[in-house]
Every structure is written in structure tokens, then in C-alpha cells.
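# Breakdown of the fold
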Amino acid sequence: MLRFHFAQGHMGSPCRIVLYAPDAHSAQAAAAAAFAEIAAIDASMSDWKAGSELSRLNESREALVSDRLFEVLSIALRIAEGTGGAYDPTLGAAVEAWREARIPGEEERKEILSKVGWRHLRLDPAKRRARIEKPGVRLDLGGIAKGYAADRALAALARRGVRSALVDLGGDLSLGDPPPGAEGWRVSIGGKGSGILLLRNRGVATSGDAEKSLEIGGVRYSHILDPRTGVGLPGGAQAIVVAPNATLADALATAVCVLGPEAGRTTAASIPGVEARVRAGEWEAETAGFAALLAEDAESLPTPASGR
Ligand code: ADP
Ligand code: MG
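So, here's what we can say about the structure. (Residues numbered from 1 in each chain as written. Chains lettered and ligands numbered in written order. Predicted model: local features only at pLDDT ≥ 70, side-chain atom pairs only at ≥ 80, totals over all residues. Heavy atoms only, no water.)

Our next topic: the overall build of the protein. For the protein, the count of helices and strands is seven helices and 17 strands. For the protein, whose C-alpha radius of gyration is 19 Å, the value lies close to the compact-globule estimate of 19 Å for 308 residues. Dimensions of the protein, computed from the C-alpha atoms along their principal axes, are close to 60 × 45 × 35 Å. A burial count over the protein gives 52% of its 308 residues as buried. Sequence separation of 24 or more characterises 63% of the internal contacts of the protein that already satisfy a separation of 6 or more. (Helix = DSSP H or I, 4+ residues; strand = E, 2+ residues; numbered from the N terminus. Rg over C-alpha atoms; globule rule 2.2 N^0.38 Å. Buried < 20%, exposed > 50% of the residue type's maximum accessible area, 1.4 Å probe, protein only. Contact = heavy atoms within 4.5 Å.)

Written out as C-alpha cells, the structure reads:
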């Protein structure tokens, strides 16, 4: 088996695929299928693209949706419920204000919050229909779509027989079987307690990275919003979540940043197969099983999460 490495830009992020295959031809064909899967998910779930399936659902408020979108919306609702709404897929109105780089005033904030709430989204599995019950409520899948795309890309590789593989979509990683002869993929994590996670057949996500924050009036705000206030978290919130897949890891990483170290740890620990390290400024907490995921031979590397 030979090791191959592919990189493209997708969903506003760098996307890397590392895989093992018998020859360059099968490696390239598998990677092309994986990137195509990511592009298809982006075309469906982007809220930047006016014609996307998600944008059309936001306009019409009720639609028969694709299998993929239905699956993501179902998972999103489950996570919203399981995190007490800390992860909320209906933050569209609040995200729009954030993108204009301003803190809304009291009145506008009330107005925005009246247009947020995952309970306004209803799904009918029998008919595969999604319905936004309240006018003005808009879906935003920015906190889950990259993890889902990474998982689907890994599945596309597996369908082509490539099982030792890793997909890293801007810090949301979907990990398959380990490299031949290795116990796991080595995923280096930055921050105070930096180290290397040794993982296989898992998802990993990092959230709250400083590059995506915004400065308004000399104060840093994260692009993760607190659904209770509709405003970006103060700078310094950071999380690493390991979960059975990247979809869950991605959304949970967003949620535990909102919840903060203590509540974030408790929530993460309550979900089977999930471990997390959560930080707010100098304050950090991690689940009981997190340390056991660290490679014992790890030297500290000052890099943000990246798999190798
Ligand atoms: P990253 O892009 O760094 O992986 P996240 O996974 O945390 O970041 O997703 C951040 C995006 O998720 C925001 O840009 C926004 O679209 C959306 N979002 C922000 N706050 C929340 C939240 N509390 N719940 C769900 N989605 C959110
Ligand atoms: Mg996320």
C-alpha cells in the first residue's frame, strides 16, 4: 500500500485527504469521488449559495428535501435537543447580523431572537418533508455541514475500497481505518494541553479557532453564537470533540463552546462515544476518557488540529 495526499478548497476551507491505496490510479479515482461528494453537499447545504436546497427551503419554508439534507436536519434536531439548544440549526437570522460585523441593539436582538428556535423546525420522515413553522426563521447548517461532508467523503472512499483514509475539512476530521501497521491516525491538537490524539474510525472536530473571530469595537467575538443572546461568544472559547463520526463531533464542538467548560464537559460525557476538552480563556475542562486518547509518545506540537 502506498500513501497518497490530496488537497482542494471546499466550503470556504482547505480540505485534505490522506489515503492508502495500491496505486496512483485508484487513489486518484477515489479522491475525486470524495471531493465530488463534498461539492454536492456544499451545493445543497450552503446558505451562501442562493440556489442551494437549503436556501430554497428557507424561502419556501416547506419542501420535500433530499435524503442527505433530511439526514442532516434530523441529526441537527437531535443534537439541538441533547445540548439544550446550545447547538441550534435555526440561527440564520442571527448569523446574518454577525456577518455584517455589528452587534445588534436591544430591539433588533429581540427581533432576531424571535426568529430563532429549533422547535420551529418540523420534520416528517414518512414524507421526507421539512417545514419551518414560523415565518422569518432561517436554517444555518454552518456548525454541522462540514463534519457531515467529511463523513460522506470518507464513505465515498470506502465504496471504492479505500478504507485506510482520513478526510480533514478545515478542522473537522473523519477518520477511517488506520494506516497499515499503525494503531491509529495521529491528530495533533494545539492549545494549553497540546498533544497528539491516536484515533481510528472516529470523528474529531475543533471549534472556536481564532482566525474566524471578528473584532467589533476592540472586542473579539467568535463566529459561534450563543442562541440565548443571538450574539457571538466572547473570544477565548475553544473545544476539541472526539465522537463516533465527524457530523456529531462538528455540531458538538460548537455546542460545548457555547456551554463552556463545566456544562460542556457534562453534556459531552452524557453522549455515548464522545470525549471533549473545552476551554474558555484560562479555564479548561475535559471528559474523564479524553486523556486516554492521547498518544503516549507524543511530543507537544504547537500546531492546530491536523491529521497525519
Ligand atoms: P468551524 O467553521 O470553525 O468548524 P463551527 O463548526 O463552530 O466552526 O461552526 C460555526 C458556524 O456554525 C457559524 O459560522 C454559523 O454558521 C454556525 N453557528 C454559529 N453558532 C452556532 C450555534 N450555537 N449552533 C449552531 N450553529 C451555529
Ligand atoms: Mg462545529
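In this section: the layout of surface pockets. Computed from the structure, the largest pocket encloses a volume of approximately 910 Å³. Lining the largest pocket are 37 residues; nearest its centre among them are R99, D140, G142, G143 and H223. Mapped by element, the contributors of at least two residues to the lining of the largest pocket are α1 (24-45), α4 (92-99), α6 (145-159), β10 (202-207), β12 (219-226) and α7 (246-269). Taken together, the residues of the lining of the largest pocket sort by class into 14 nonpolar, 12 polar and 11 charged. (1 Å grid on protein atoms, 1.4 Å probe; cavity = no way out; pocket = protein on both sides within 12 Å on 5 of 7 lines; lining within 4 Å. Points joined across faces, edges and corners; volume = space filled by probe spheres on them. Nonpolar A, V, L, I, M, F, W, Y, C, P; charged D, E, K, R; others polar.)

Another point: the pairing of strand β6 (residues 165-169). Most of β6 is tucked away, with five of its five residues classed as buried. Where strand β2 (residues 13-21) lies against β6, five bridges are found, and the strand directions are antiparallel. Along β6, the bridge assignment pairs R16 with D168. Where β6 lies against strand β7 (residues 172-175), four bridges are found, and the strand directions are antiparallel. Among the inter-strand pairings, L169 is bridged to a residue of β7, identified as D172. Between the end of β6 and the start of β7, which pair antiparallel, lie two residues, with G170 showing a positive phi angle near 55 degrees. (Pairing = 2+ DSSP bridges.)

This paragraph deals with the pattern of salt bridges. Tallying each qualifying case throughout the model produces 24 salt bridges. R265 is paired through a salt bridge with E262; the nearest N and O atoms lie 2.9 Å apart. In this pair, R265 and E262 both sit in helix α7, three residues apart, roughly one turn of the helix. Look at R265 and you get partly exposed, because its relative accessible area is 27%. Where R279 meets E284, a salt bridge forms, and the shortest distance between an N and an O atom there is 3.9 Å. Judged by its relative accessible area of 15%, R279 falls in the buried class. (Salt bridge = Lys/Arg side-chain N within 4 Å of Asp/Glu carboxyl O.)

Here we come to the coordination of the magnesium ion (ligand 2). Listed as protein donors to the magnesium ion (ligand 2) are D250 (O), D250 (OD) and T254 (OG1); their distances from the metal cover 2.1 to 2.3 Å. Taken together, the residues D250 and T254, both in helix α7 and four residues apart, mark about one turn of the helix. T254 carries the same exposure label as D250, and that label is buried. (Donors = N, O, S within 2.8 Å, 3.2 Å for Na, K, Ca; no water.)

On to the packing of α6 against α7, then. Two numbers describe how α6 lies on α7: the axes approach to 7 Å, and their chain directions differ by 165 degrees. For the element pair α6 / α7, the angle class is roughly antiparallel. By crossing handedness, the relation of α6 to α7 is classed as right-handed. In contact with A145, K146, G147, Y148, A150 and D151 of α6, α7 contributes A246, T247 and D250. By residue class, the composition of the contact of α6 with α7 is four nonpolar, two polar and three charged. (Axes fitted to C-alpha atoms, helices over the stretch in contact; angles between N-to-C directions. Parallel < 35°, antiparallel > 145°, perpendicular 65-115°, else oblique. Left-handed = near helix turned anticlockwise from the far one by under 90°.)

Attention shifts here to the packing of α1 against α6. Relative to each other, α1 and α6 sit at 150 degrees, their axes nearing to 8 Å. In this view, α1 runs roughly antiparallel relative to α6, as classed from their interaxial angle. As α1 packs across α6, the resulting crossing turns out to be right-handed. Here α1 contributes A30, A31, A33, A34, E37, I38, I41 and M45 to the contact with α6, which in turn contributes A145, Y148, A149, R152, A153, A156, L157 and R159.

Right, let's talk about α7 for a bit. Helix length check: α7, at 24 residues, gives a terminal C-alpha distance of 17 Å against a target of 34 Å (1.5 Å per residue), a shortfall beyond 12%. The largest bend in α7 amounts to roughly 135 degrees and is located at G260, with the proline P261 lying one to four residues further along. Within α7, 18 of the 24 residues are buried, leaving the element largely enclosed by the surrounding structure. For α7, the capping residue at the N-terminal end is N245, with a side-chain oxygen 3.2 Å from the backbone nitrogen of T247. (Expected span 1.5 Å × (residues − 1). Bend = angle between axes of the 7 residues up to and from the residue. Polar contact = N/O pair within 3.5 Å; in protein donor to acceptor, adjacent residues only side chain to side chain.)

No statement about biological role is implied by the geometric values presented.
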